[in-house]
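Spelled out, the chains give:
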Amino acid sequence: MTKKSTDLTKKKDELELVEGIPAGAIVPSTGSGRGFDEMDADDYIVPYVKMMQPLSPEIDEDDPKFVETAGKGDLLNSLSGYNYGDKLKFIPIMFKKRRIYWKDRSDGGGIICGSMNSKQPDMGDMIADSCRRCPKSKWTKDDKENSVPPACTLIYTFPAVVLGLSAKDIGNKIVAVSFMNTSSNAGKELANMAKFSGGDIFARPYLLETKKEKNDKGTYYVLTTKLAGLLTAEEYADAEKVWDMLKDMTIDFQDDKHTKDEMTEDTGIDGNPVEVF
């Protein structure tokens, strides 16, 4: 092969590496991060992965939040609106367990009380000295003896690195994958899969998928997770860098800014909300 042919092949490989970016354009991750000197932990917000349900505003053409590419069961970046499709491969960077007691949207929304470690209230009105002793964290019974879930929601959250993105979409790489309400068991399963796989939590990739379920009142979507093979040395090193960046931060998750209705939208199937994570 001539030198000219080799150069052309190399150039073609470089263009394929930055899929979707015109020749000559600067790759978004170029540089060492200069210009962010005064950003600190208080300035970082981690977006969350939002699952589209039949009544999600993002799939309603008449809603201001409408996202043209979104469909039922899709996974969206809550900050950018980027659509990952109905599955994504990710590396969990760390495990966080939080509690949020949301104010109803009819009362203006927001957080009444919350805890970033699920043990000690540190947000809002801090209505109890500990989450364990707070009555809002307990299951109760209604007047018909039906079980009523706690008013304060327990959330299993995994800050994560999404794999397989093209260079032009790299800004959607770091997200929070969260599980709550009926998805709590999926969050526990993911934590245990990672724990018993051995090594760092970011030593293995996982596949997050949406699954359509149906009952006598309609169709809705749930999340599933499973192991997704092994990481390359480069992927592991990249995940380790993100862990090193986040490990000492008090992470501000974007979902903390939303109302409970936005985080757990009613699918219209039954009286209970279904997670949109």
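In what follows, the structure referred to is the one given above.
Computed from a predicted model, the values in this text were never measured in an experiment. (Residues numbered from 1 in each chain as written. Predicted model: local features only at pLDDT ≥ 70, side-chain atom pairs only at ≥ 80, totals over all residues. Heavy atoms only, no water.)

Looking at the overall build of the chain
Using the following cut-off: Put simply, DSSP marks the helices as runs of H or I at least four residues long and the strands as runs of E at least two long, and each gets a number from the N terminus on. Relative accessibility decides the category of a residue: with a 1.4 Å probe and only protein chains considered, values under 20% of the type maximum give buried, values over 50% give exposed, and everything between is partly exposed. Any two residues whose heavy atoms approach within 4.5 Å are treated as being in contact. Accessibility throughout is a Shrake-Rupley quantity obtained with a 1.4 Å probe, and a residue counts as covered only by protein chains that appear here.
From N to C terminus, the chain includes four helices and 15 strands. Split into buried and exposed, the 277 residues of the chain put 42% on the buried side. Looking at the chain alone, contacts between residues at least 24 apart form 59% of all its contacts between residues at least 6 apart. A total accessible area of about 16,000 Å² is found for the chain, and carbon and sulfur atoms account for 50% of it.

As for the environment of Leu230
Inspection of the secondary structure assignment puts Leu230 in the loop between β14 (218-227) and α3 (233-246). Each C-alpha atom, one on Leu230 and one on Ala203, is 8.0 Å from the other, the two residues being 27 residues apart in sequence. Ignoring anything within four residues of it in the chain, the contact list for Leu230 reads Arg204, Pro205 and Glu235.

Details of the packing of aromatic side chains
To be explicit about the condition: Pairing of aromatic rings covers Phe, Tyr and Trp, the last through its six-membered ring, and needs centres within 6.5 Å; plane angles under 30 degrees mean stacked, over 60 mean edge-to-face, and all others mean tilted. Lysine and arginine charges are scored as sitting over a ring when NZ or CZ, respectively, is within 6 Å of the ring centre and within 35 degrees of the ring normal.
Per the stated rule, a full pass over the model turns up seven aromatic pairs. Centre to centre, the rings of Phe90 and Tyr206 are 6.2 Å apart; their planes meet at 40°, and the pair counts as tilted. With Phe90 in strand β5 (residues 87-92) and Tyr206 in strand β13 (residues 206-215), this residue pair connects regions lying 116 residues apart in the sequence. In terms of burial, Phe90 and Tyr206 fall into one category: buried. By way of ring pairs, the aromatic residues Phe95, Tyr156, Phe158 and Phe179 are connected into one cluster. Its guanidinium or amino end placed over the ring of Trp243, Lys247 lies 5.6 Å from that ring's centre, counting from NZ or CZ.

A few points about the pairing of β13
Under the convention used in this document: Pairing between strands is defined by DSSP: at least two bridges between the two strands are required.
Of the pairings in the sheet, the one linking β5 to β13 comprises four bridges and is antiparallel in character. Counted as the bridge partner of Lys87 is Glu209 from β13. Turn length for the β13-β14 hairpin, with the two strands adjacent in sequence and antiparallel, is two residues.

A few points about the pairing of strand β6 (residues 96-102)
By the criterion of burial, β6 is predominantly enclosed, with five of the seven residues buried. By the bridge criterion, five bridges tie β6 to strand β11 (residues 153-162) in an arrangement that is antiparallel. Within β11, the position partnered with Lys97 by the bridge is Tyr156. Pairing between β6 and strand β7 (residues 111-115): four bridges, direction antiparallel. Bridging from a neighbouring strand, Trp102 pairs with Ile111 of β7.

Quick look at α3
Note the threshold: By definition here, a helix of n residues has an expected span of 1.5 Å times n minus one. Directions drawn from the helix axis to the C-beta atoms are what define this arc.
Taking 1.5 Å of rise per residue, 14 residues should cover 20 Å, and α3 covers 20 Å from first to last C-alpha, within 8% of that figure. For α3, the full list of buried residues reads Ala239, Val242 and Leu246. Buried residues of α3 fall within an arc of 60° about the axis and therefore sit on the same side. For α3, the exposed residues lying more than 90 degrees away from the buried face are Ala233, Glu234 and Lys241. Along its buried surface, α3 packs onto β5, β11 and β12 (174-180).

Notes on helix α2 (residues 184-196)
Taking 1.5 Å per residue, 13 residues should reach 18 Å; α2 reaches 18 Å between its end C-alpha atoms and fits that length. For α2, the complete set of buried residues consists of Ser184, Ala186, Gly187, Leu190, Ala191 and Ala194. Relative to the axis of α2, the buried residues are bounded by an arc of 165° and lie together on one face. Residues of α2 that are exposed and point more than 90 degrees away from the buried face comprise Asn185 and Phe196. Buried positions along α2 lie against β5, β11, β12, β13 and β14. Gly198, located one to two residues past α2, shows a positive phi value of around 85°.

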